[in-house]
Structures are given as structure tokens and as C-alpha cells.
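Take a look at the letters that make up each chain.
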Amino acid sequence: MPQRCRWSRVCHFPTGFDKSRLLRCLVLFVTIWGIDQTYWKNSAAAQDVGRRPNIVFVFSDDHALQAIGAYGSKINQTPHLDRLASQGLVFDRSYCANSICGPSRACILTGLHSHLNGFRRNGDRFDGSQWVFPRVLQEHGYQTALIGKWHLESNPTGFDYWQVLPDQGHYYNPDFIMMDGTKQRVPGYCTDLITDASLKWLDQRDPSKPFLLMCQHKAPHRNWSPHPRHFGKYKLGTVPAPETLRDDYSGRSKTLAESEMTLRKHFYWGHDAKFHGPNEFPDHFRDGIPNGEYQRMSPEQRDEWDAYYQPENEAFLQRLRAGELSEDDVLTWKHQRYMHDYLGSVQAVDDSVGRVLDYLDANNLMENTIVVYSSDQGFYLGEHGWYDKRWMFEESLRMPLIVRWPGRIPAGSRSNAMVQNIDYAPTFLQAAGIEVPAQVQGRSLLPVFEAQGAVPAGWRDAIYYAYYENDSVHEVAVHDGVRTDRYKLMFFQRTNEWNLFDLEHDPQEMNSVHDDPQYQAILKGLQQRYRDLRKFYQVNSAVIPVTRGDEAWWKQRDREKTAQGKQQAHELVFIGDSITQGWEGAGKAMWDKYFAHAPALNLGFSGDRTEHVLWRLKRGQMGISKPRAAVIMIGTNNTGHRMQAPEETAAGVREIITNVRQHSPDTKIVLLGVFPRGETPFDPMRLNNVAINQYLSTFADDETVFYRDLSGIFLQEDGTLSRDIMPDLLHLNEAGYQRWAEALVPILQELEVYPNAPTP
Ligand code: CA
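These numbers come from a predicted model, not from an experiment.

Please clarify how the coordination of the calcium ion should be interpreted in this entry.
Put simply, a metal with four donors set out as a tetrahedron has ideal angles of 109.5 degrees, and one with six donors set out as an octahedron has ideal angles of 90 or 180 degrees. Those donors, Asp61 (OD), Asp62 (OD), Cys101 (SG), Asp376 (OD), Asp376 (OD) and Gln377 (OE1), are the protein atoms that reach the calcium ion, and they lie 2.1 to 2.8 Å from it. In this structure, the calcium ion is surrounded by six donor atoms whose angles at the metal cover 51 to 160°, and the resulting shape is irregular. Donor residues binding the calcium ion come from one chain and are separated in sequence as D-D-x38-C-x274-D-Q. Residue Asp62 is located in the loop between strand S1 (54-60) and helix H3 (79-87), and its partner Gln377 is located in the loop between strand S9 (369-375) and helix H12 (394-397); the two are separated by 315 residues in the primary sequence. For Gln377, a relative accessible area of 0% corresponds to the buried category.

What follows is the structure, encoded as C-alpha cells:
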């Protein structure tokens, strides 16, 4: 025991008792004991640093694999990323779970698919109180830092240090939100500034602890604005165009042609093409978004920018004014301008990777640091005529993923294992020796590392993908699907279409074979796999709020009803689908007679399923109303559109009830059983609704939720439905609405929620 040795040496008393000497002796003892403790602590920390790896996560935004040398780029050079790849492992089948900025980040932080982490679309707000892997590392003694693009609306949690770009951030003279809430504008180029701040944090960190650094670039996100040092590196006319630049979208879902992300029709005059002033050629270029980066530049930066861009712009515009260029020539020019700017922006990211690797080398951190390079999704570099991402097609489904971990991963490895961004969190935890909680949906990649990239036994056979951001910029429809090693199955909700691609015969995904007789067994098998994977990942579309705002009439009605809800407080609110909306059609006379004066609000939307009602309620459609009663009847479209499992639909109805109660806790909920449909009691859809109702009946507590099954008023004695009241065996005519009204009014009276009810 070292303390004791020192004690005996220091406190050797001569004869006689000296109080002050004893005191000095005690002080000395305490001091030496303290130094000793620090010594032991530090040496334990030193061992800890040696044992637990540091993690440097360099993450860019929208960096396509087609623009990385290590992935076989034919259009640019990325020497530093290639160096990282040559020292580590390159994943060739790395995919995102939802191909869009914020959602990809949320998947990475939580290890969960979007529907469970709650961040399904840009504009959602990330709940930072949920489980995120940086906080777990922090709790286990890691220092954690996040620098750069965040895009999750709420403040980062789980980090000792953070500084983030507001929203998308800017390339030139960007603002940063600091931990104290202040916003600072920093002169310079964003990619370089994020790298500077990352290296500064590394310099200032406590070297006794392992660390996690997330260095997250804005680049090469739109509007692709390179640093002057990269002007002209990929000159106009030098970048080969992809084979599918002139895709006409035939042979696949009709929603492809409806999206708005083509170079041909949706390339902006200022924002994308980098022209100044008013749009001279509205047939070729879109108006409305100027080049915001140019507006932020200093006079010197503008001079440098204009010195490069203006001569090229003038030369092109002169030819266009002179009528020398066809629409196709313009398309070619747009692609070239796009590639100059995009690849130039990538080049600074590659420079950043080089600086980070050099720093680790120079500071003796190379050996015990895992370096990961990834980007939130892939991107279209003109493939299918597009820029942007979102679609489940390969170019935006794939994510770059390169991992270097000396001693654990052999240099120059490649892997064909199917991996996803939900796998990052468990990988980092396991690498740090921390147990991964069962709720995490991703899988640790350590078995792939140990197998030197080979696909481990029992690895996943397929990935699940889902995109939710319809009715938004670029107008890409909601879709989800499954990818296996050879096939891809996609489902488009709005149009109820399946697309199937054989990636071996059609790697560019130009022709869906879902209706090819030769592929029927494969289609059925993959549909089964799709359903099973959705169950495995707990995907129940009935509880996932989704808008139908990409249908014009729906969007219009949504606006009107939301306005109505804000204008007046209603005493009764009816929530449902076309059968409820029908109070404004076949049921109008009955509505006017029985409910209009309540006053009552009709929130029925034809064709809605539970998930659409959820979207509307979550967006505040009930407005200022805290009604006495809410009459809910919903679910028959969950049956009719896709025979959804009754328990799934019922879970959607339960969510609707929860939402109404959150909005207005005192409202009595009159939960009606889904009306019968189909002619006979054994109609499969009738039976599905009966099964839904069995669940709904259990939701009643007879205090706030009252369940009533009105089937009896519509059915004949033998259980058949009469066309006299339901001409199409689903929707009521006026006689049907009369029966419904006359049955409902007494219920509302009995519950004492309709004091001014008329007498039937
Ligand atoms: Ca992105």
C-alpha cells in the first residue's frame, strides 16, 4: 500500500508530542493520498482509452455513391474517401430506411424505423427525450460532440458539446446555433468551418476519456454551392450523363411522372442554375427561388463567384437567346451545371475527410478510433432525369458506408451484407462494450466486421423501406417496400399499385414486372415477405398519420374544415369517412333537420382510413371546438382498400379516440360500430367489419367512451342488407340517413350531450 509507506516515512515522530507537526503531517498525508487517487484514476482512464474505441462519424448530406471513387465513380475523384476505404471496409449494400434528411438522422440516433422514432417527414419535431445512442455512450463515460447539420427541429440531446446549423444551413457564411441558444454567423465556407470546429473540439477534449465525434456536413445538399478552390474542377461538358437521364417513366407506377424533381421541368433559374435577375426562359427554368447563397456572400466572395460563373452563364444564355439550343440541349446543359456544382461541393467533403484522417494520424489516434463515413441517403445525379432523393430506387435508397477500425477490420475489405442506418446505433454501442437494448430494431455490424465483410450466418435477407413525405416539396408519393439481394417490391398507397423489379435483369429499374406472368410466384412470395417484415418491425399503417394532401379535393376540404373548426366552437363533431361526409350529400336534409343547429361540424372525408383521420386531428382540425360529443365511425376503408387485419384497424380507432381526448378531455365519445357492408352476413368485408367492432366494443368505459352498434337498424331479418337504404351496399341513401339520425339522437339525449335536440 503506497499510502502507508509514505505515511511511515513522513510521520516519523521524534520524542515528545508536537501538535503542529502532527497537523502538518496530516495535511501532507491528505495531499499525498489525493495525488495518489488522481494517479490511479488517470491510469485507469488511460487503460480505458486504450480499451474502448473512439468513434469519429463523418456524415454528409445527399452524397450519392455514384460520386465516390471507392464505389466506382465514373464522374469524379475522392482521394481521401478512397484512402479511408482502402484502410477499412466498404459496404456495397448499405441502405437507408427513409430517404430524406431529418428522418435518416432520427433512424441513426434511435436505431428505429421512422414510424417508431416519430420523425417521419422533414418538418416533424424530434423527441429528444427518447432513447438515443449518444446519450448512452455519454452515460458510459464517453465525451460526445455533434457539429454541423442537425435538421431535427428540437435541440440535440446526449451531447457534451454541440453546434448545429439552423434547418438546412448554408454554404457561405453559415449561421450556427450554439448550446447557449445564441446564433452566430461565421464567415467562411460551411464544410471547412464544420471541419475546423470538429478538429478544435478534438484538441480541447479531455484526453483521458474515449469520445464520439459526429461531424455532419451540409454538403453536398442543394443548392450545391462549391468553394472557389473547386470552381471549374468538373467543367461543363466533361461529366458523362447517366443512361437514364431521359427516362419517360413508362412501365412503372404512375406516381413517378407526378413527382417534381426533374432537371427538365423543375430546375430553378436562380437556386439551381445560378443565374441572376429575372427568369428569361420560363419554358426551361422555374421561378420563385433565387440563389440564396449568393445573397449571403461578401462583396469579395461575390466577385470571385461571378468571375467564374458569369462568363459561362452569358455564353449559354446568348446561344439560348439566339435560338441555337433545343430543349434537349438545355437539359444537357442543366445536367452539366448541376454536376459542376454538386461534385464541387463533394470535393470539399473529401478534403474534410482528409483533414480528419490526418489529424488522427498526427495525434496518435489512428489505432483506437473507429472512423465511419456515411451520408443520410443517396441522390439522383440525373438518373431517371432527377435530382433529389426520396424514392426507393437504388440511387437514393443506397447510402455510402465506409468503416475503418484498425486491428478489427482488415484493410481493403468489402461487404455484401444488407445493412441499414438503423444498424449504426447498436454497432457503436457494441463496439464500446455496451449492451444494446431489445427495443432497438437495427443490428450491430460487429459480426460483419469479425467476418471481414462476409455475410454472417443468419444475417437479414431483406430490408424494409418507407417514405411518408407526400404533399410536400417534390411531390413524391407515399410508398414502402422490401429489397432482397435480387428483387425489389414497392407499394404505392394512394394508387394501390405494386411495382416489382428484377435487379439482376433490370438494374436501372426501368420496367416493373409485377404483372408479368413469369414473375407471379416471386410477386406473391415478396408480398408475403413484405407483410411479415412489416409485422416484425411493428408497422401498422392504420396508426401512422398520413396526409392525402396530394389529392386536390382532399386538400381543399381539409383547408375548409380546418378553417370552420377555427371560426366557431361546435357542440357536436362527426368524425369519419364518406359515410359521414354523406351528411352533406344524400343525408343533407336529415342533417339540417337533426344536427345542423347544434351546431355540428362534419369531419367526414370520403375514402379516409384511420391514418388519414389521425393526420387531420393531429393537425388541429377540431379547431377551437371542445364539443359535448364526438361521433366517430371509421374503419370500413381499412377493410375495403386492403382488408387490413381487424386488430390493426381497431388500433387506429383507439389512436383517434386518444387524440380527441387529448384535444378535449371532457368530450363524450360516441364510438359507433363500423356499419355493415356487402349483401350477406358472410360477405368477407362484412365479416372484417364485424371483427373490427368486436375490438371497438372493448374500448368503451361508459364514462367518456360509449360504444354503440347500430347495425340492426340497417339489416333485414335474415341479416342481408337492403339496397333500399344502401344502394351500393356500403353508402346510405336519404332513407338510410333518416334511420341513422333517428337512432343517434336518442343516444345523444341519453348521454345528456344534446340539450337542444329536435324531437324525431
Ligand atoms: Ca439528405
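So what exactly am I meant to see when it comes to the side chain of Asp62 here?
For Asp62, a relative accessible area of 0% puts it in the buried group. A polar side-chain atom of Asp62 sits 2.9 Å from a polar atom in the side chain of Gln377. Sequence-distant contacts of Asp62, that is, excluding residues within four places in its chain, are made with Cys101, Pro220, His221, Arg222, Tyr342, Ser375, Asp376, Gln377, Gly378, Phe379 and Lys389.

Explanation requested: the pairing of S9 in the structure shown.
Successive residues of a regular strand alternate their side chains across the two faces of the sheet. The buried fraction of S9 is high, at seven of seven residues. Covered by surrounding structure in S9 are Thr369, Val371, Tyr373 and Ser375 together with Ile370, Val372 and Ser374, the residues of both alternating faces. In this structure, S1 lies alongside S9, joined through seven bridges in parallel fashion. Residue pairing for S9: Ser60 is matched across the bridge by Ser375. As paired elements, S9 and strand S10 (residues 401-404) share four bridges and run antiparallel to each other. Pairing of Tyr373 across the sheet is with Ile402, part of S10.

Help me out: how do you make sense of the sheet that holds strand S20 (residues 668-672) in this one?
What holds strands together in a sheet is hydrogen bonding between their backbones, with the strands either parallel or antiparallel. Read across the open sheet, the five strands follow the order S18-S17-S19-S20-S21; overall the sheet is parallel. The sheet terminates laterally at strand S18 (600-604) and strand S21 (705-708), the two strands that pair on one side only. When the angles between neighbouring strand axes are averaged without regard to direction, this sheet yields 15°.

Teacher, can you tell me more about the packing of helix H7 (residues 190-204) against helix H11 (residues 327-362) here?
The packing of two helices is summarised by the inter-axis angle and the distance between the axes. In contact at an axis separation of 9 Å, H7 and H11 are set at 15° when each is read in the N-to-C sense. Here H7 is positioned roughly parallel relative to H11, judged by the angle of their axes. By crossing handedness, the relation of H7 to H11 is classed as right-handed. Across the interface between the two elements, Thr191, Asp192, Thr195, Asp196, Leu199, Leu202 and Asp203 from H7 touch Ala348, Val349, Ser352, Arg355, Val356 and Tyr359 from H11. Looking at the contact of H7 with H11, its residues break down into six nonpolar, three polar and four charged.

Looking at this structure, how should I read the pattern of salt bridges?
A side chain of one charge can pair with a side chain of the opposite charge if their charged atoms are brought near each other. Within the structure shown, the criterion is met by 46 salt bridges. A salt bridge links Glu504 to Arg486, with the nearest nitrogen and oxygen atoms 3.7 Å apart. In this pair, Glu504 is assigned in the loop between strand S16 (497-502) and helix H15 (520-536) and Arg486 in the loop between strand S14 (479-484) and strand S15 (487-492), connecting sequence segments 18 residues apart. For Arg486, a relative accessible area of 23% corresponds to the partly exposed category.

Is there a simple way to explain the sheet that holds S16 in this structure?
Pairing is antiparallel across the open sheet formed by four strands, whose spatial order is S13-S14-S15-S16. This sheet does not close on itself; its edge strands, each paired only once, are strand S13 (462-467) and S16. Between one strand axis and the next, the sheet turns by 15° as a mean value, whatever way the strands run. Relative to S16, S15 is paired through six bridges, and the arrangement is antiparallel. Looking at S16, one finds that Phe491 is bridged to Trp498.

Here is what the cut-offs are and how they apply
In this convention, every chain numbers its residues from 1, walking through the sequence in written order. Residues qualify for local features only when their pLDDT is at least 70, as the model is predicted, and side-chain atom pairs are given and counted only at 80 or more; totals for whole chains, interfaces and linings, by contrast, use all residues. Excluding hydrogens and water, the side-chain values take into account all heavy atoms of the structure. Donor atoms (N, O, S) are those found within 2.8 Å of the metal centre, with the cutoff raised to 3.2 Å for Na, K and Ca; water is not part of the atom list, so apparent gaps in a site can occur. Site shape is set this way: if four donors have all angles between 85 and 135 degrees, tetrahedral; if opposite donors are over 155 degrees apart and all others between 65 and 115, square planar for four donors and octahedral for six; otherwise irregular. Secondary structure elements are taken from DSSP: a helix is a run of H or I of four residues or more, a strand is a run of E of two residues or more, and numbering for both begins at the N terminus. Whether a residue is buried, partly exposed or exposed follows from its accessible area with a 1.4 Å probe, protein chains only, as a fraction of its type maximum: under 20%, in between, or over 50%, in that order. Counted as a polar contact is a pair of N or O atoms within 3.5 Å, where, for protein atoms, one must be capable of donating a hydrogen and the other of accepting one, and residues adjacent in sequence contribute only when both atoms are in side chains. Pairs of residues are marked as contacts when any of their non-hydrogen atoms sit within 4.5 Å. Following DSSP output, two strands are said to pair if at least two bridges run between them. For helices, the fitted line uses only the C-alpha atoms of the stretch in contact; every axis is such a line through C-alpha atoms, and the angle between N-to-C directions lies from 0 to 180 degrees. Angle categories are assigned with fixed cut-offs, so that under 35 degrees is roughly parallel, over 145 is roughly antiparallel, 65 to 115 is roughly perpendicular, and the rest are oblique. Should the near helix be turned anticlockwise from the far one by less than a right angle, the crossing is left-handed, and should it be turned clockwise, the crossing is right-handed. When residues are sorted by character, Ala, Val, Leu, Ile, Met, Phe, Trp, Tyr, Cys and Pro go into the nonpolar class, Asp, Glu, Lys and Arg into the charged class, and all the rest, Gly among them, into the polar class. Should a side-chain nitrogen of Lys or Arg be within 4 Å of a carboxyl oxygen of Asp or Glu, the pair is scored as a salt bridge.

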